[in-house]
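Chains, contacts and geometry: an overview
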Amino acid sequence: MGGTGSSLRSKCLTLLVEIHPINNVKVLKAVDSYVWVQFLYPHVDSHPLPENRLLLISEEKYIEQFHIQVIQEDGNRVVIKNSGNVPKERIAEDFVWAQWDMAEQRLYYIDLKRSRSTLKCIQFCADENFNLMFEAPLDISLSDSGFKLVNFGCGYLQDQEKLCKYPTLCVFTNRTGSLCVCYSPKFDSWEQITYSVFYFHKGYSKTFTAALGSAHSRVTKSITFLNLDYYVAVYLPGHFFHLLNIQHPDLTCHSLFLTGNNEGMAMLPHGPLQSLSGSLVLDWCSGKLYRASLNQSYLLRLLWDTRPDCEKMAVLHCVLSCGRDSEFPEAQMIQWISENISAYYSFDPIQEFIIASSYWSIYPETSNMDKLLPYSSVLTWNTEIPGISLVTEEITLPLMKVHSFKNYWEKLNANLEYVKYSKPHLHYNNSAVRREWHSLISEEKTGKRRSKAYVRNILDNAVKVISNLEARNSGCALEIPLAQGATPSSCLITQGPLTGVLRSFWSTLGRSLVYCCTSAAVDSTLMHRDGELVSQPRQMEPGPTARPQGPASACYQAIHEPRVTPLLQEEDSHQRLLVGLMVSELKDHLSRHLQGVEKKKIEQMVLDYSSKLLDVICQILETSWRKHNLHPWVLHFNRRASAAESAVFHIMTRILEATNSLFLPLPPGFHTLHTILGVRCLPLHNLLHYIDSGVLLLTETAVTRLMQDLDNTEKNEKLKFSIVVRLPPLIGQKICRLWDHPMSSNIISRNHVRRLLQNYKKQPQSSMTDKSSFSVEFLPLNYFIETLTEIESSNQGLDAFIGHDNVDAKFVEEAALKHTTMLLGL
């Protein structure tokens, strides 16, 4: 069976031809206008349907569905049942525009009622049913635009001079439940062009106006909208390429706008293009079909160019969105961050990379993550994008016409419900973690802590995260295939081959970092032109494996070889508490809003998210460590610091600054390493300033090593004393025991006296004092020691000073005398 639309003089005949086992021709339609036909579910071979359905679209602005029933006769003979009377029904009329989605079997069309454009969608099901899914008003004018069809094969408006005089309209969806309508009116100016994107899944539209240059830059080609998964590309050959983020369209800095003088633009085709289902693109001039995708290699090059900050941020998110399975792009971005650590940007690259990488690590697990997790560290962006302006407006949400949803429709409905009812935003933040962490630290300082089971559960969460991180990093190294003699592509968009006859027009496949070989079923109406058939996919053989060279080498090693930085190796209870609290709060947050998702899946998503966050920080530091070729001796204090160590210390300080403002956890051991490098790299007055301002946090491990490595020279004694007096009491008590020095005894004595006297009330004393017990005739000291002795004797149940069972009044007296002797130089 086959459906054709052919012109015969003034008549257009639509014929249904039955060739075998009998020869039969049925005239379905004979009219004086153009007719298009489209079979529904043409590729259902494993489960033959009892009838075939055929859509007939007439230029007279109606659509009919024919039911072609088949029966089996005389064994294997399959013939049309009652071919003389083929049932039909009209499913749409009075429309001015229609688009066919082959992959999803959906029909979008716009009808005009009272001069108002209304977008409607019909979903055809494999079980012979179809449903009107929604109606959505569009604030666009199509009353005088004529009649236009999209994705119904080659139309009759192929002349570019004609195409640019007609409005362009496309509907795009993706698996996350997005619904975008892209519209560009016919050109009325040679100096600028206007196009709009209706983000129905977000509840607003954005109208962009792009400058085209001088009035002499005549536009002879139509604007093209391309569906690139999480992005929609707006392309005007020779003028601009605008990559719009459809999942997070709020801020302009998350979308990439390139003008015509960009080198990547020169590689793009200059002929008319048509975006089909998914990421398929048809080149009208060559008749070839392509699957388009963003070229990570070219995008990474943009990071290194001197470009506006908004472009750098947009590129960063573009790369992460299309490279979740490859670690190499992340390594390249870490290299860029490390090389530009001192550069000033209007955003923090470290913050943005940590947040975005963590987000994309679990985003594919569920479509609701864009509402529940932060996508960016930037909340507002007021800087204008050169060459483009925009206006944002709220729009009326689509009215769903059915009450039961599955698959894509379930996700779209959830997005619409979120827009209606979820205000303010549900994005997770660490404010609750911040409050709880400060509360636990305060309780620790006062010696009062809530139940051990609660704290143990939090610390167990941290253990799970670190174990999950180590398990992920213990996998096999991922090699990046490069064709022999190849270099990274310089084009913005790359494509995977669909068939053997396809050749690259955006970049040669061998120059692409990652191969994409796809075998896809494509509608026959789109698979031929000028006798060139598109069939038989060809498998591509990857070239020899090659490791990256040059700047990327250190990044590659940092990810694929065992870590050399001493992180995740110590207890660091404060950071483990912070990790555990984040896991607990994030788990509760997702459980509240991901109804119906299994508890185990949520727990694993939380572990993956937290692990990725810590892993990114480890990778940044690991890359810097390898780049500067640091050795294990940097962990000791008895050597002079090098310029390389100072550079790593600076990077660690920037990491600390980035994480502190967002209150993100750091890998256990980070503060110890940071403190060790700080002591080695900073002059004493700068070091103490860093400690007092909270930039350097003194850990027990770092201070213990300092006491063991440094001798008691005058310079070192001054450093040690400056450090010890700044230690928290619990750590200070342990550290003083390690330092065999009068200054240490003095500190121990002070702490002991403070503990004894904090609740002391003076009692009447006997005038008879046994002075023979005092070794020195110094009345103030004698009186003081006598008071301490009485307190100790009257509080037999008083716990001994922690770690110092031999600390008593006698010890205090000896320490006071030694300290006095030292001060007097005797």
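Keep in mind that this is a model prediction, so the values were computed, not measured. (Residues numbered from 1 in each chain as written. Predicted model: local features only at pLDDT ≥ 70, side-chain atom pairs only at ≥ 80, totals over all residues. Heavy atoms only, no water.)

**Regarding unusual backbone geometry**
At Asp 229, a residue that is not glycine, the phi angle is positive and equals roughly 65 degrees. Here Asp 229 is to be found in the loop between strand E18 (224–228) and strand E19 (231–236). On the accessibility criterion, Asp 229 (25% relative accessible area) is partly exposed. A positive phi angle, close to 55 degrees, is found at Asn 407, a residue other than glycine. Residue position: Asn 407 is located in the loop between strand E26 (399–400) and helix H8 (408–421). (Helix = DSSP H or I, 4+ residues; strand = E, 2+ residues; numbered from the N terminus. Buried < 20%, exposed > 50% of the residue type's maximum accessible area, 1.4 Å probe, protein only.)

**A few points about the sheet that holds E26**
If you walk across this open sheet you meet the six strands as E13-E9-E10-E11-E12-E26, and the pairing is mixed. The two strands at the open ends of the sheet, each matched to only one other strand, are strand E13 (148–150) and E26. In terms of strand pairing, strand E11 (residues 116–124) meets strand E12 (residues 130–138) through eight bridges, oriented antiparallel. When the bridges of E12 are listed, Cys 121 appears paired with Phe 134. (Pairing = 2+ DSSP bridges.)

**Section: the nonpolar core**
Core analysis: the biggest nonpolar cluster contains 148 residues, and Tyr 195, Phe 240 and Leu 243 have the highest contact counts within it. Sort the elements by how many residues they give to this core and helix H13 (residues 599–627) lands first, with 13 residues. Of all hydrophobic cores here, the second largest spans 30 residues; its members include Met 133, Val 150, Leu 169 and Leu 416. (Core = buried A, V, L, I, M, F, W, Y, C linked by side-chain atoms within 4.5 Å.)

**Digging into helix H15 (residues 670–681)**
A rise of 1.5 Å per residue sets the reference length of H15, with its twelve residues, at 16 Å; its end C-alpha atoms lie 16 Å apart and thus fit the reference within 8%. Within H15, eleven of the twelve residues are buried, leaving the element largely enclosed by the surrounding structure. Residues Phe 670, His 671, Thr 672, Leu 673, His 674, Thr 675, Ile 676, Leu 677, Gly 678, Val 679 and Arg 680 constitute the buried set of H15. For H15, the secondary structure elements touched by its buried residues are helix H12 (573–593), H13, helix H14 (643–662), helix H16 (684–692), helix H17 (700–709) and helix H18 (714–724). (Expected span 1.5 Å × (residues − 1). Contact = heavy atoms within 4.5 Å.)

**A look at the packing of aromatic side chains**
Evaluation of the coordinates by the stated rule reveals 26 aromatic pairs. With a centroid separation of 5.0 Å and 75 degrees between ring planes, the pair formed by Tyr 408 and Trp 409 is classed as edge-to-face. Ring-pair connections join several aromatic residues into one group, and the members of that group are Tyr 34, Trp 36, Phe 95, Tyr 109 and Phe 147. The ring centre of Tyr 62 lies 4.0 Å from the NZ or CZ of Arg 90, which sits over that ring. Over the ring of Tyr 418 we find Lys 371; its NZ or CZ atom is 5.7 Å from the centre of that ring. (Phe/Tyr/Trp six-rings, centres within 6.5 Å; stacked < 30°, edge-to-face > 60°. Lys NZ or Arg CZ within 6 Å of the ring centre and 35° of its normal.)

**A look at the environment of Arg 705**
Relative to the helices and strands, Arg 705 resides in helix H17. Measuring from C-alpha to C-alpha, the distance between Arg 705 and Phe 637 comes to 7.9 Å, with 68 residues separating the pair along the chain. Discounting residues that sit within four places of it in the chain, Arg 705 has contacts with Leu 635, Phe 637 and Ile 676.

**Some points on the pairing of strand E15 (residues 179–184)**
Among the six residues that make up E15, six are buried, leaving the element largely enclosed by the rest of the structure. Judged by which residues are buried, E15 turns out to be covered on both faces: Leu 179, Val 181 and Tyr 183 on one side and Cys 180, Cys 182 and Ser 184 on the other are all buried. Pairing of strand E14 (residues 168–173) with E15 involves six bridges; the strand directions are antiparallel. Paired with Val 171 across the strands is Val 181, a residue of E15. Hairpin geometry of E14 and E15 is characterised by an intervening segment of five residues between the two adjacent antiparallel strands and by a positive phi of about 90 degrees at Gly 177. Pairing between E15 and strand E16 (residues 192–199): four bridges, direction antiparallel. Considered in E16, the bridge of Tyr 183 is made with Ser 196.

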